Amino acid sequence: MVKVFNNVFFEHLGALARPQAPAGSEERSVLAVAGDDAAAKDAAAALLDTIGYDVVDAGPLAEGWRFQPGTPAYGVPYDGSPDGTWSGDTAKRVSAEEMRTALAAATRPTD
């Protein structure tokens, strides 16, 4: 099992896809993935590459909370609107560095 796609608004996902751009190019945005099986994460990364995204590995599945709702990596990095009105027109590219920073800034919610 690999966690991916849950932290990006569907319209941003479509607007940011760059399948013609080479992996690692400045045109591509990244998506975070988390999982315990390296082969499964490789397969997810291959799929993301096909649809035009690069990958930031967030670690094992237990670290998937780092891109849940309410964390810095959830949705907001991809939204370039000044007022938080998300649409495909407000999609903003997210670099690997930006995503790593957002993942690192996440704090686990307390019950």
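Counting from 1, residues in each chain are numbered in the order their sequence is written. In view of the model being predicted, local features appear only for residues whose pLDDT reaches at least 70, and side-chain atom pairs are presented and counted only at 80 or more, with totals across whole chains, interfaces and linings using the full set of residues. Hydrogens and waters are ignored; side-chain quantities use all the structure's heavy atoms.

Right, let's get into the environment of Asp-37. Helix and strand definitions here come from DSSP, where helices need a minimum of 4 consecutive H or I residues and strands a minimum of 2 consecutive E residues; each element is numbered from the N-terminal end. Within the fold, Asp-37 resides in the loop between β2 (29-35) and α2 (38-51). Through-space distance from the C-alpha of Asp-37 to that of Leu-61 is 9.0 Å; in sequence the pair is 24 residues apart. A 3.5 Å cut-off defines polar contacts: any pair of N or O atoms within that distance qualifies, except that in protein one atom must be a possible hydrogen donor and the other a possible acceptor, and neighbouring residues in sequence count only when both atoms are side-chain atoms. Of note is the side chain of Asp-37, whose polar atom sits 2.7 Å from the backbone nitrogen of Ala-40.

A word on the sheet that holds strand β1 (residues 2-3). Pairing between the strands of a sheet comes from backbone hydrogen bonds, and it takes one of two forms, parallel or antiparallel. One open sheet accounts for 3 strands, arranged β1-β2-β3; its pairing is mixed. Of all the strands in the sheet, the pair left with one neighbour each is β1 and β3 (53-57). A pair of strands is considered paired only if DSSP assigns at least 2 bridges between the two. As paired elements, β2 and β3 share 5 bridges and run parallel to each other. Directly across from Val-30, in β3, lies its bridge partner Asp-54. Throughout, a contact is declared for two residues whenever any of their heavy atoms are within 4.5 Å. Think of each axis as a best-fit line through the C-alpha atoms, taken over the contacting stretch in the case of a helix, with angles from 0 to 180 degrees between the N-to-C directions. Sheet contacts for α2: β1, β2 and β3; angle to β3, the most-contacted strand, approximately 150°.

Take the environment of Arg-66 next. Position of Arg-66 relative to the elements: it lies in the loop between β3 and α3 (96-105). The spatial distance from the C-alpha of Arg-66 to the C-alpha of Pro-22 is 27 Å, given a sequence separation of 44 residues. Apart from residues no more than four positions distant in its own chain, Arg-66 is found in contact with Thr-71, Ala-73, Leu-103, Ala-104 and Ala-106. Among the polar contacts made by the side chain of Arg-66, one reaches the side chain of Glu-63 at a distance of 2.6 Å. Among the polar contacts listed, one links the side chain of Arg-66 to the backbone oxygen of Leu-103, at a separation of 3.0 Å.

Our next topic: the confidence of the model for the chain. Confidence in the prediction for the chain averages 94 pLDDT; 99% of positions are at 70 or higher. Across the chain, element-level confidence peaks in β2 with a mean pLDDT of 98 and bottoms out in helix α1 (residues 10-16) with 94. The predictor reports its confidence for every residue as pLDDT, a score running from 0 up to 100.

Attention now goes to the nonpolar core. The nonpolar core is taken to be a set of buried Ala, Val, Leu, Ile, Met, Phe, Trp, Tyr and Cys residues, with the residues joined through side-chain atoms within 4.5 Å. Think of it in three bands: residues with accessible area under 20% of the maximum for their type are buried, residues over 50% are exposed, and the middle band is partly exposed, with areas taken using a 1.4 Å probe on protein chains only. Leu-31, Leu-48, Phe-67, Ala-73, Tyr-78, Met-99 and Leu-103 are the most contacted members of the largest nonpolar core, which totals 19 residues. For this core, the elements supplying multiple residues, two or more each, are β2, β3 and α3. Here this core gets 5 residues from one element, more than from any other, and that element is β2. Residues contacting Leu-103, with those up to four places away along its chain left out, are Ala-32, Val-56, Ala-58, Arg-66, Phe-67 and Ala-73.

The next subject is the packing of aromatic side chains. Here the aromatic set is Phe, Tyr and Trp, taking the six-membered ring for Trp, and pairing holds for ring centres within 6.5 Å; pairs whose planes are under 30 degrees apart are stacked, those over 60 apart are edge-to-face, and all others are tilted. With the rule as written, the count across this model stands at 2 aromatic pairs. In textbook terms, an aromatic cluster arises when at least three aromatic residues are bridged by ring pairs, as seen for Phe-9, Phe-10 and Trp-86. Criterion for a charge above a ring: Arg CZ or Lys NZ at most 6 Å from the ring centre, at most 35 degrees from the ring normal. The ring centre of Phe-67 lies 4.8 Å from the NZ or CZ of Lys-3, which sits over that ring.

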